[in-house]
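Residue-level listing of the chains:
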Amino acid sequence: MNLFKQTATELVSALKTKQTSAVELCSSYLKKIADLNPELNAFISFNSEAVLKRAQTLDDQKEKKGKLHGLPIAVKDNFCVTGTQTTAGSKMLEHFISPYTATCIEKLEREGAIVIGKTNMDEFAMGSSNENSFFGPCKNPWNLKYVPGGSSGGSAAAVAAGLSPVAIGSDTGGSIRQPASYCGVVGIKPTYGSISRYGLIAFASSLDQAGPIARNVSDAALILDVMIDRDEKDSTSVDRKQPSLAQLKKAAKGSLKIGLPKEYFSQHLEKTTQNKIKELLENLQKDGFQTVELNLSLTEMAIPVYYIVASSEASSNLSRFDGVRYGFRNKDQSGLSDLSDFYKKTRSVGFGDEVKRRILLGTYSLSSGYYDEYYIQAARVRRLMANEFTSAFKKCDVILTPTAIGAAFPLGDQAHDPIKMYFNDIYTVTANLCGLPAISLPLGLDDNKLPIGVQLMAPLFAEKAMLEMALAIEDCVQFKGLTQ
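As the structure is a computational prediction, the values presented were derived from the model and not from experiment. (Residues numbered from 1 in each chain as written. Predicted model: local features only at pLDDT ≥ 70, side-chain atom pairs only at ≥ 80, totals over all residues. Heavy atoms only, no water.)

**Q** Can you explain the overall build of the protein? Please cite residues and give values.
**A** Scanning the protein for helices and strands turns up 15 helices and 11 strands. Rg of the C-alpha trace for the protein: 21 Å, near the compact-globule value of 23 Å for 484 residues, within the 12% margin. In terms of overall dimensions, the protein has C-alpha extents of about 70 × 55 × 45 Å along its principal axes. Considering only contacts within the protein whose residues lie at least 6 apart along the sequence, 76% involve residues at least 24 apart. As displayed, the protein offers around 19200 Å² of accessible surface, 50% of which is attributable to carbon and sulfur atoms. (Helix = DSSP H or I, 4+ residues; strand = E, 2+ residues; numbered from the N terminus. Rg over C-alpha atoms; globule rule 2.2 N^0.38 Å. Contact = heavy atoms within 4.5 Å. Areas by Shrake-Rupley, 256 points an atom, 1.4 Å probe, with all protein chains shown as cover.)

Structure (structure tokens):
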């Protein structure tokens, strides 16, 4: 059995029927990580001894086995996992060892998953390329000269390269979906509040959501099904009744109506991506799926609204990293006259340029005299945007858009142009601003043999319909990843 060619669902079945063991499976993945990670830089840390010890415990288990029994899973390094280095990709937390585990990771472990390692990411999840990591950039496994996307670039690259069958990421403005698109894998951001944020190091609390990255829709749905639950430790988590997402069937021909917002197919979209989506829509229409044109005029406001809201929340959330309680403290204490100087000494060295840029932007937006002009205005437009989507979903079941303007760009190509970098999120941030579920799945390759993704969005808590449509698209496209 070629373990690296098996889906997560197939691997769990093989583990439960003892066609392979958790020790054998984890050993194979750990070896592959050791071989490929020095160049790919998808993982920040992994502990082979701890992984194999847990694998052996699961192999010895006699009682009922969980839904993910023995399955290795990579976890983005902004999720706390007991006893692991948990850095959020920052110098500020370089030596922080988490004393507890995030609720959503705890749920996966309860079902038998094994955390195989912590993946690389843009510092505090701020970035679209994974070049903002204190631990160096992660690279795209399709071409090591290109970015994997961000901020969950390490998780997407790990799955695409076959270093883990599935991975967990966080999505604040597209941080699961955009790297999934760039790396040719599936990434899901569920409805806001569906998965507990307890133990997820906060970037922007009203936008952050955890979600799975996998090679196919069924594997991603299996992981999502385990993660969704109400958590008393997270006041924003929702007690939702949901049908099982683990046993999905693709949408029957013509059963769902697809909305196409004209604003998402503007002149910004690269020609190859446009043509691939046009080809997909023609095939779906042949299968009886109806399409309807939508008008989402506030889309042009998405980037400025997102960066005001996200940066404002980040400036508040990151104020806790001050060198006093935990994390990095600048050893150079010379020239200090007051506590403010002490904070500056630590934060100016502990944070990278992009994080400092967003803290400054957020602090300015929340400052006296500008709060009403910027943050309150952004919050109002955000509400209008949500209302616009609610109206749009009265005309269709799902909305189909590009995930990104095009395929991945070369390393360093946009590193010194923040505005251009921010523009990469234009098609993904609206789902976060409105709390909607969204998925990116592979659509094909561009002329440089790099993956292109397509995005589906659905009404609040309508993940099942979204995933059924995603299965129909997956069946239509028949995309082959690097390990398939």
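Moving on, there is more to tell.
**Q** Account for the sheet that holds strand β1 (residues 43-45), naming residues and giving values.
**A** With mixed pairing, the 11 strands of this open sheet are ordered in space as β1-β3-β2-β4-β6-β5-β10-β11-β9-β7-β8. Two strands lie at the open edges of the sheet, namely β1 and β8 (290-294), each paired on one side alone. Each strand of the sheet is rotated relative to its neighbour by a mean of 35°, with strand direction disregarded. Where strand β7 (residues 257-261) meets β8, 5 bridges bridge the pair, whose relative direction is parallel. The partner of I258 across the bridge, within β8, is T291. (Pairing = 2+ DSSP bridges. Axes fitted to C-alpha atoms, helices over the stretch in contact; angles between N-to-C directions.)

**Q** Pulling in residues and values, what's your account of the pairing of β7?
**A** In terms of residue burial, β7 counts as a mostly covered element, since 4 of its 5 residues are buried. On the question of chirality, the crossover connecting β7 to the parallel β8 by way of helix α8 (residues 271-286) is right-handed. (Buried < 20%, exposed > 50% of the residue type's maximum accessible area, 1.4 Å probe, protein only. Right-handed = clockwise from strand over helix to strand, strands pointing away.)

**Q** Can you lay out helix α10 (residues 339-350) for me, pointing to particular residues and giving the numbers?
**A** Helix length check: α10, at 12 residues, gives a terminal C-alpha distance of 16 Å against a target of 16 Å (1.5 Å per residue), a fit within 8%. Burial in α10 covers these residues: F342, T346, R347 and G350. The arc that holds the buried residues of α10, viewed along the axis, is 110°, so those residues lie on one side. Looking at the packing, one finds that the buried side of α10 touches α11 (353-366). (Expected span 1.5 Å × (residues − 1). Arc of directions from axis to C-beta.)

**Q** Mind laying out the state of the cysteines, listing which residues take part and the relevant values?
**A** Linking two cysteines covalently via their sulfur atoms produces the bond known as a disulfide. A full pass over the atoms with the stated rule returns 0 disulfides. Cysteine C183 remains unbridged, with the sulfur of C138 as its closest cysteine sulfur at 6.9 Å. (Disulfide = S-S within 2.5 Å.)

**Q** Give a detailed account of unusual backbone geometry, specifying residues and quantitative values.
**A** G150 connects to S151 through a cis peptide bond whose omega is 10°. For S151, the location among the structural elements is in the loop between β3 (114-119) and α5 (153-160). Positive phi values are uncommon outside glycine, yet F124 reaches one of about 50°. Topologically, F124 is positioned in the loop between β3 and α5.

**Q** Lay out the packing of aromatic side chains with the relevant residues and their values.
**A** Summed over the entire model, instances satisfying the criterion amount to 19 aromatic pairs. Relative to F409, the ring of Y182 lies with its centre 6.1 Å away and its plane at 85°, an arrangement referred to as edge-to-face. In this pair, Y182 is assigned in helix α6 (residues 177-183) and F409 in the loop between β9 (398-402) and α13 (418-422), connecting sequence segments 227 residues apart. The residues Y182 and F409 share a single accessibility class, namely buried. By the ring-pair criterion, three or more aromatic residues cluster together here, those being F96, F124, F321, Y326 and F351. The ring of F4 is capped by K32, whose NZ or CZ atom sits 4.3 Å from the centre of that ring. (Phe/Tyr/Trp six-rings, centres within 6.5 Å; stacked < 30°, edge-to-face > 60°. Lys NZ or Arg CZ within 6 Å of the ring centre and 35° of its normal.)

**Q** How would you sum up the packing of helix α9 (residues 302-317) against helix α12 (residues 371-392)? Please name residues and give values.
**A** In a pair of packed helices, the angle between the axes and the distance between the axes together describe the arrangement. Close contact between α9 and α12 brings their axes to 9 Å; oriented N to C, the two are set at 125°. In terms of their interaxial angle, α9 and α12 are classed as oblique. Considering only the axes of α9 and α12, their crossing is left-handed. Contact residues: A302, V305, I308, V309, S312 and E313 in α9; Y374, Y375, A378, V381, R382 and M385 in α12. (Parallel < 35°, antiparallel > 145°, perpendicular 65-115°, else oblique. Left-handed = near helix turned anticlockwise from the far one by under 90°.)

**Q** Can you explain the packing of helix α7 (residues 217-227) against helix α15 (residues 463-477)? Please cite residues and give values.
**A** Between α7 and α15, the least distance of the axes is 10 Å, while the angle of their chain directions is 160°. Taken together, the axis directions place α7 and α15 in an arrangement best described as roughly antiparallel. Along its contact with α7, which presents V217, S218, A221 and L224, the element α15 presents E463, L467, A470, L471 and E474. Residue classes in the contact of α7 with α15 are distributed as 6 nonpolar, 1 polar and 2 charged. (Nonpolar A, V, L, I, M, F, W, Y, C, P; charged D, E, K, R; others polar.)

**Q** Give a description of the pattern of salt bridges that names residues and reports values.
**A** For the coordinates displayed, the defined rule picks out 15 salt bridges. The salt bridge partner of R240 is E463, with a shortest N-O separation of 2.8 Å. Of this pair, R240 sits in the loop between α7 and β7 while E463 is found in helix α15, placing the two residues 223 residues apart along the sequence. Residues R240 and E463 agree in their burial class; the two are buried. Several salt bridges share partner residues, and in doing so they unite E354, R357 and R358 into one network. (Salt bridge = Lys/Arg side-chain N within 4 Å of Asp/Glu carboxyl O.)

**Q** Go over the environment of D322, please, and point to the residues and values.
**A** Among the secondary structure elements, D322 is positioned in the loop between α9 and α10. According to the relative accessible area criterion, D322 is buried, its value standing at 7%. Distance from D322 to A34, taken between C-alpha atoms, is 35 Å for residues 288 residues apart in sequence. Each residue touching D322, except ones within four places of it in the same chain, is listed here: F342, Y343 and T346. Only 2.7 Å separates the side chain of D322 from the side chain of R325, close enough to count as a polar contact. (Polar contact = N/O pair within 3.5 Å; in protein donor to acceptor, adjacent residues only side chain to side chain.)

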